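Now for the letters of each chain:
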Amino acid sequence: MLSAKLTNQERRAIYERDGFRCALCDSTKYLQIHHHTPRGQGGTNSPHNLITLCADCHALAHGTNLRDWQDVTQEDIQQACCEYLADYYAPGWNPWSSNPYPCEGCQRRRWCQGEDCPLDDLEPP
């Protein structure tokens, strides 16, 4: 089994970024950090690949439906995670503009548009 090896600082930054709630259902119970792209498939511990999920959403992201939800699939959860991370890190991104990175001063070249970013204090991957 692969280990995430996240430091407490990294883990807290992800929880803080996501408001100490599941990014998909807003639950505050049994929070876990999920790798959008699995480490076994080349995913990293970069904040761009990490998302806070409750145990139910996290299990479904890995194919186990703990709540017997009839209207939500593993693919739905994977798509929702992708959209959440994309919306967070690239809200104003336009790949066809002359400057696809609107925030000039961001250390991580993310699209924060000048907002304070708790992840900027972390070492780059």
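Residues numbered from 1 in each chain as written. Predicted model: local features only at pLDDT ≥ 70, side-chain atom pairs only at ≥ 80, totals over all residues. Heavy atoms only, no water.

Thoughts on the side chain of His35
In plain terms, the rule: The numbering of helices and of strands both runs from the N terminus, where a helix is a DSSP run of H or I of at least 4 residues and a strand a run of E of at least 2. Throughout, exposure labels follow a simple rule: accessible area from a 1.4 Å probe, protein chains only, divided by the maximum for the residue type, with under 20% read as buried, over 50% as exposed, and the rest as partly exposed.
In this structure, His35 sits in strand β1 (residues 31-35). Looking at His35, the relative accessible area reads 8%, which means it is buried.

As for helix α1 (residues 8-17)
Residues that lie three or four places apart on an α-helix share one face, since the helix turns once every 3.6 residues. Threshold: Two residues form a contact once any of their heavy atoms are found within 4.5 Å.
Regarding α1, the residues found buried are Ala13, Ile14, Tyr15 and Arg17. Elements that come into contact with the buried residues of α1 comprise β1, β2 (50-54) and α3 (74-89). Note on α1: the residue one or two positions beyond its end, Gly19, has a positive phi of about 70°.

Here's the deal with unusual backbone geometry
A positive phi angle, close to 55°, is found at Phe20, a residue other than glycine. In this fold, Phe20 is placed in the loop between α1 and β1. What makes Phe20 partly exposed here is its relative accessible area of 37%.

A word on the pattern of salt bridges
The cut-off we apply is this: Take a side-chain nitrogen of Lys or Arg and a carboxyl oxygen of Asp or Glu: if they are within 4 Å of each other, that pair is a salt bridge.
Scanning the entire structure with this criterion turns up two salt bridges. The residue Asp18 makes a salt bridge to Arg17 at a minimum N-O spacing of 2.9 Å. Taken individually, Asp18 and Arg17 each receive the classification buried, so the pair is uniform in this respect. With a shortest N-O distance of 2.8 Å, Arg67 and Asp56 are connected by a salt bridge. Within this pair, whereas Arg67 is found in the loop between α2 (55-61) and α3, its partner Asp56 is found in helix α2, the two being separated by 11 residues in sequence. According to the relative accessible area criterion, Arg67 is exposed, its value standing at 54%.

With respect to the pairing of β2
Put simply, the test is: We treat two strands as partners when DSSP finds at least two bridges between them.
Burial within β2 is extensive, with five of its five residues counted as buried. The alternating pattern of β2 places Leu50, Thr52 and Cys54 on one face and Ile51 and Leu53 on the opposite face, and all of these are buried. Where β1 meets β2, five bridges bridge the pair, whose relative direction is antiparallel. Bridge pairing in β2 links His35 to Leu50.

Looking at the packing of aromatic side chains
Our working rule: Within 6.5 Å between ring centres, the rings of Phe, Tyr and Trp (the latter by its six-membered ring) count as paired, and their orientation is classed by plane angle as stacked under 30 degrees, edge-to-face over 60, tilted in between. Here, over-ring charges are defined by two tests on the NZ atom of lysine or the CZ atom of arginine: distance to the ring centre within 6 Å, and angle to the ring normal within 35 degrees.
By the definition in use, this model includes zero aromatic pairs. One residue, Arg17, lies across the ring of Tyr88, its end atom 5.5 Å from the ring centre.

Quick notes on the confidence of the model for the chain
Rules: The predictor attaches a confidence to each residue, called pLDDT, with possible values from 0 through 100.
Per-residue pLDDT for the chain averages 79, and the proportion of residues at 70 or more is 69%. This model gives residues 104-114 a pLDDT under 50, and the stretch forms 30 contacts once residues within four places in sequence are excluded.

Remarks on the nonpolar core
Definition in use: What we call a nonpolar core is a set of buried Ala, Val, Leu, Ile, Met, Phe, Trp, Tyr and Cys residues that are connected through their side-chain atoms within 4.5 Å.
In terms of nonpolar packing, the biggest core is built from 12 residues, these being Cys22, Ala23, Ile51, Leu53, Cys54, Cys57, Leu60, Ala61, Ile77, Cys81, Leu85 and Tyr89. Of all the secondary-structure elements, those providing two or more residues to this core are β2, α2 and α3. When residues of this core are assigned to their parent elements, the largest contribution, four residues, is made by α3. Once residues lying within four places of it in the same chain are set aside, the contact partners of Leu60 are Asn65, Trp69, Val72, Thr73, Gln74 and Ile77. Membership of the second largest hydrophobic core comes to five residues, among which are Leu6, Tyr15, Ile33 and Leu50.

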